[in-house]
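Notes for the structure review
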Amino acid sequence: MVEQPGARLEMALGELLQRRTRLGLYAELVGGVGRGLDVTSYPLLSGLARIGPATAVRLGREIGLDRSGTSRYASRLEAGGLLRRAPDPQDARGVLLSLTAEGEKVVAVLRGRLAELLAARLGGWPPAQAADFVAGLERFVRELRDES
């Protein structure tokens, strides 16, 4: 019996989102960068690039970390010159995390690496099938985002 598309998608997304799958991909991305960037701190750097300056609490919510984990990884990235802390202008007690100019450069390099890795994974696919997959995934993500 052929499973319904929803069930097949649930299985595929479950596998894709598993920590071990993400860590394997992150390891390929961050290899050789140094500067406090590793598989555990990459989501923080990537999250800041996506949402811009944020408190540790907000960033943690975005990337699925608690405040203490976010602060710990932020300290590593700050020591590596990729992130800075500054007073939050909207909350005198708060601190905003943001990327430094060097952090932005590293993110650009990593995004390029990720695009190359994903293109390589699709390299053996027929071009039309790869294009259809990407277009379908873009639509799926857009519709999920619009509904939430």
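Our subject is the structure that appears above.
To keep things clear, this report deals only with the structure shown in the data block. (Residues numbered from 1 in each chain as written. Predicted model: local features only at pLDDT ≥ 70, side-chain atom pairs only at ≥ 80, totals over all residues. Heavy atoms only, no water.)

**A few points about the nonpolar core**
- Among the nonpolar cores identified, the biggest contains 23 residues, and Leu37, Leu44, Leu45 and Leu48 are the most heavily contacted of them.
- Those elements that provide at least two residues to this core are helix H2 (19-30), helix H3 (42-51), helix H4 (56-63), helix H5 (67-79), strand E2 (91-99) and helix H6 (101-122).
- Among all residues touching Leu37, those that are not within four sequence positions of it are Val30, Tyr42, Leu45, Leu77, Leu82, Val106 and Leu110. (Core = buried A, V, L, I, M, F, W, Y, C linked by side-chain atoms within 4.5 Å. Buried < 20%, exposed > 50% of the residue type's maximum accessible area, 1.4 Å probe, protein only. Helix = DSSP H or I, 4+ residues; strand = E, 2+ residues; numbered from the N terminus. Contact = heavy atoms within 4.5 Å.)

**A few points about H5**
- Counted at 1.5 Å a residue, the expected span for H5 with its 13 residues is 18 Å, and the 18 Å between its end C-alpha atoms agrees.
- For H5, the set of buried residues is Gly69, Thr70, Tyr73, Ala74 and Leu77. Down the axis of H5, the buried side of the element spans an arc of 130°, and every buried residue falls inside it. Those residues of H5 that are exposed and angled more than 90 degrees off the buried face are Arg67 and Ala79.
- A positive backbone phi angle near 80° is found at Gly81, which sits one or two residues after H5. (Expected span 1.5 Å × (residues − 1). Arc of directions from axis to C-beta.)

**Thoughts on the side chain of Ser98**
- Tracing the backbone through its elements, the reader meets Ser98 in strand E2.
- Apart from the residues within four sequence positions on either side, Ser98 is in contact with Leu48, Pro53, Leu82, Leu83 and Arg84.

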